[in-house]
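# An overview of the molecular structure
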Amino acid sequence: EALWNGEYFNYDNSQSSHFDSIQADQLAGNWYSISCGLGGIVAYDEARSAASKIFNFNVLQFKDATLGAVNGMRPNGTVDKSCLQSKEVWIGTTYAFAAAMVQLGMLDEAWKTIEGIINTTYHVMG
């Protein structure tokens with residue numbers, strides 16, 4: 001509850017300059033819990049809102065959705081450069097995020113995200 005800002009879950013509740021970064025893996029626990037048959041750990045509406053925010057920022061606004069989900073984006077639409085990991089695209093994180101979107105009924109968004117990571121894996125870097 002302390003991290004929910006009405007659209008997505010903040011990175012943390014500190015006073016740091018990046019406390020409100022949009023993290024691609026913020027729904028990882030929810031996705032895993034549902035995958036294990038335990039149900040979600042956040043409200044469906046919150047998960048759906050957060051997934052939409054991640055998709056719109058970390059996927060669509062990062063390299064025109066051609067590389068998968070970048071780990072961190074700032075609310076102003078720039079890549080979070082507070083650490084090395086936030087500037088990276090991780091294959092597992094991207095696939096897990098896409099799977100979370102499938103669970104939420106966001107199939108078009110999930111396939112668009114997967115298209116980007118396949119492009120990265122097999123065409124850009126492969």
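Our structure's up above, just so we're on the same page.
Residues numbered from 1 in each chain as written. Predicted model: local features only at pLDDT ≥ 70, side-chain atom pairs only at ≥ 80, totals over all residues. Heavy atoms only, no water.

## Topic: the overall build of the protein
Looking only at helices and strands, the protein has 4 helices and 2 strands in total. Listing each helix as α and each strand as β along the protein from the N terminus yields β-α-α-β-α-α. The C-alpha atoms of the protein give a radius of gyration of 14 Å, which matches the 14 Å a tight globule of 126 residues would have. With the C-alpha coordinates of the protein rotated into their principal frame, the extents come out at 40 × 35 × 20 Å. Classification of the 126 residues of the protein by burial places 39% in the buried group. In the protein, 51% of the contacts between residues at least 6 apart in sequence involve partners at least 24 apart. With an accessible surface of roughly 6900 Å², the protein has 55% of that area assigned to carbon and sulfur atoms. In the protein, 7 positive and 13 negative side-chain charges are present, and the distance between their average locations comes to 9 Å. (Helix = DSSP H or I, 4+ residues; strand = E, 2+ residues; numbered from the N terminus. Rg over C-alpha atoms; globule rule 2.2 N^0.38 Å. Buried < 20%, exposed > 50% of the residue type's maximum accessible area, 1.4 Å probe, protein only. Contact = heavy atoms within 4.5 Å. Areas by Shrake-Rupley, 256 points an atom, 1.4 Å probe, with all protein chains shown as cover. Lys, Arg positive; Asp, Glu negative; His and termini not counted. Charge placed at Lys NZ, Arg CZ, Asp CG, Glu CD.)

## Overview of the pattern of salt bridges
Counting across every chain of the model gives 3 salt bridges. Here Asp20 makes a salt bridge to Arg74, at a shortest N to O gap of 2.7 Å. In this pair, Asp20 sits in the segment before strand E1 (22-23) while Arg74 sits in the loop between strand E2 (72-73) and helix H3 (91-103), placing the two residues 54 residues apart along the sequence. In this pair, the class of Asp20 matches that of Arg74, namely buried. The salt bridge involving Lys112 is made with Glu115; its shortest N-O contact spans 3.9 Å. Note that Lys112 and Glu115 are positioned in helix H4 (residues 107-124) at a spacing of 3 residues, about one turn of the helix. Accessibility expressed as a relative area gives 31% for Lys112, which makes it partly exposed. (Salt bridge = Lys/Arg side-chain N within 4 Å of Asp/Glu carboxyl O.)

Honestly, that's just the spatial picture; any functional story needs more than this.
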